[in-house]
Amino acid sequence: MNSNVENLPPHVLRLVYKEVSALAADPPEGIKIYPSEEDITELHTAIEGPEGTPFAGGIFRMRLVLGKDFPAVPPKGYFLTKIFHPNVGHKGEICVNVLKRDWKAELGLKHVLLTIKCLLIHPNPESALNEEAGRLLLEDYAEYESRARLLTEIHAMGGTSGAPQDPNDGPQPKKHAGDPMKRAGPSAASVPAALGNGANGVSTTTSNSNSSSSTNNVAGKKKADKKRALRRL
């Protein structure tokens, strides 16, 4: 998403910078702020899953994007960590009233972050972006809780602090992963050299023996023919 730094008036940028700096220095409980010096209009955060919910123990990365009409228009919120929640779409988009009809310019970003954290405690199935999660929340809470906890364990638990990750992190492909001779090990590579020119050492030796035997048979036949010819004389 393109930056809106150039589109926002200087006085708005100053207010945003001041609030983000204050949030970073003294963040709300259970929320961490990762401001970007290059783009103040995109705020990365991490929210701890509240205790007593299927999200407990997880760290959920999220971002707020300030549009060119901010603060007249609310920011857009996205979960970057996968989560099974009625009010979070499959692409991470967040549906909450404070980001829609209940938005007021004076509310500020701190209020938005606290509201989204509260959404993890009290989902609203009536405005569900994830219809399956909303249905399970109403009809089968045990299954909803199980699904939500499973995704939390898979995607939100892993020893990360919630900070934006380096794309180079994670397992790298092995250097010789595509080379079958490297995968087979040194014994496989050394076999052909030990066998000489033939594909199989035994067949090469057998071939040489057969050739010698054939030569001897021809020589013996010639000697027998020569003896018979001498007797006729």
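Residues numbered from 1 in each chain as written. Predicted model: local features only at pLDDT ≥ 70, side-chain atom pairs only at ≥ 80, totals over all residues. Heavy atoms only, no water.

What to know about the overall build of the protein chain
Then, number 1: Broken down by element type, the protein chain carries seven helices and four strands.
Then, number 2: Shown N-terminal to C-terminal, the secondary structure of the protein chain runs as helices and strands in the order α-β-β-β-β-α-α-α-α-α-α.
Then, number 3: In the protein chain, which comprises 233 residues, the proportion classed as buried is 32%.
Then, number 4: When the accessible surface of the protein chain is summed, it comes to about 15,300 Å², and 52% of that surface belongs to carbon and sulfur atoms. (Helix = DSSP H or I, 4+ residues; strand = E, 2+ residues; numbered from the N terminus. Buried < 20%, exposed > 50% of the residue type's maximum accessible area, 1.4 Å probe, protein only. Areas by Shrake-Rupley, 256 points an atom, 1.4 Å probe, with all protein chains shown as cover.)

Observations concerning the packing of aromatic side chains
Then, number 1: The full count for this structure, using the stated rule, is five aromatic pairs.
Then, number 2: Both rings, one in Phe60 and one in Phe79, keep their centres 6.4 Å apart while their planes meet at 85 degrees; by these two values the pair is edge-to-face. Of this pair, Phe60 sits in strand 3 (residues 59-65) while Phe79 is found in strand 4 (residues 76-79), placing the two residues 19 residues apart along the sequence. Residues Phe60 and Phe79 agree in their burial class; the two are buried.
Then, number 3: Feature note: the residues Phe55, Phe60 and Phe79 constitute an aromatic cluster, connected by ring pairs.
Then, number 4: Sitting above the plane of the Tyr78 ring, Arg63 keeps its charged end 5.2 Å from the centroid. (Phe/Tyr/Trp six-rings, centres within 6.5 Å; stacked < 30°, edge-to-face > 60°. Lys NZ or Arg CZ within 6 Å of the ring centre and 35° of its normal.)

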